[in-house]
Amino acid sequence: MRQNCLGAWQRTHLFCQVVLATSSDENHPPENIIDGKTETFWLSTGMFPQEFMIRFPDNMKVSLISMHSFNIKQLRIEKSTVEEADKFEVIAEKEFEHTESSLQTNDVSLDGSHATHLRFLILSGYDHFVSVHKIGIQA
């Protein structure tokens with residue numbers, strides 16, 4: 001399912017899709033990552049690394065990624081600029097602070113990199129399971 005990835009940041013609609021996720025639960029599918037709601041989420045299995053990939057309809061400039069999650073410890077974000085998404089380049093690595101009972105909210109500033117795909121690799125977590133509630137992308 002294609003969803004608007006930009007949320008309230010822009011008036012124009014940029015539609016994207018989650019094209020890959022390493023785990024899936026019918027009650028918490030990967031598409032929840034881009035539905036714009038923090039109440040819904042994608043839930044991982046109990047092993048690391050976990051990964052999901054978002055595809056844009058065109059090569060676009062990305063300046064900021066906002067992520068709402070729970071129990072993620074280490075995250076790497078990679079980009080691809082080709083349609084086939086077979087070559088990736090690391091654009092950010094971040095360690096998240098542990099939160100006991102609230103969502104982690106993290107912004108990752110980028111240099112205006114262009115991408116057709118973004119791959120999010122969750123390298124470790126504070127527990128066996130992690131969840132991603134919302135991804136926002138500012139172009």
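Residues numbered from 1 in each chain as written. Predicted model: local features only at pLDDT ≥ 70, side-chain atom pairs only at ≥ 80, totals over all residues. Heavy atoms only, no water.

*Asks:* Residues and numbers for the side chain of S124, please.
*Replies:* Along the polypeptide, S124 turns up in strand β7 (residues 104-125). Judged by its relative accessible area of 15%, S124 is buried. Separated by 3.1 Å, the side chains of S124 and Q74 make a polar contact. Among all residues touching S124, those that are not within four sequence positions of it are F48, I72, K73 and Q74. (Helix = DSSP H or I, 4+ residues; strand = E, 2+ residues; numbered from the N terminus. Buried < 20%, exposed > 50% of the residue type's maximum accessible area, 1.4 Å probe, protein only. Polar contact = N/O pair within 3.5 Å; in protein donor to acceptor, adjacent residues only side chain to side chain. Contact = heavy atoms within 4.5 Å.)

*Asks:* Account for the confidence of the model for the protein chain, naming residues and giving values.
*Replies:* Per-residue confidence for the protein chain averages 89 on the pLDDT scale, and 90% of its residues sit at or above 70. The model gives residues 7-13 a pLDDT under 50, and that stretch makes eight contacts with residues more than four places away or in other chains. (pLDDT = per-residue confidence, 0-100.)

*Asks:* Provide a residue-level description of the environment of S101, including the pertinent values.
*Replies:* Along the chain, the position of S101 falls in the loop between β6 (89-95) and β7. Sequence separation between S101 and F70 is 31 residues; the distance between their C-alpha atoms is 8.8 Å.

*Asks:* Break down the pattern of salt bridges for me, citing the residues and quoting the values.
*Replies:* Evaluated as defined, the whole model comprises four salt bridges. E51 is paired through a salt bridge with R119; the nearest N and O atoms lie 3.8 Å apart. Within this pair, whereas E51 is found in strand β4 (residues 50-70), its partner R119 is found in strand β7, the two being separated by 68 residues in sequence. R119 matches E51 in its accessibility class, with the two residues each being buried. The partner of R76 in a salt bridge is E78, with the nearest N and O atoms 3.9 Å apart. The exposure class assigned to R76 is partly exposed, which follows from its relative accessible area of 24%. (Salt bridge = Lys/Arg side-chain N within 4 Å of Asp/Glu carboxyl O.)

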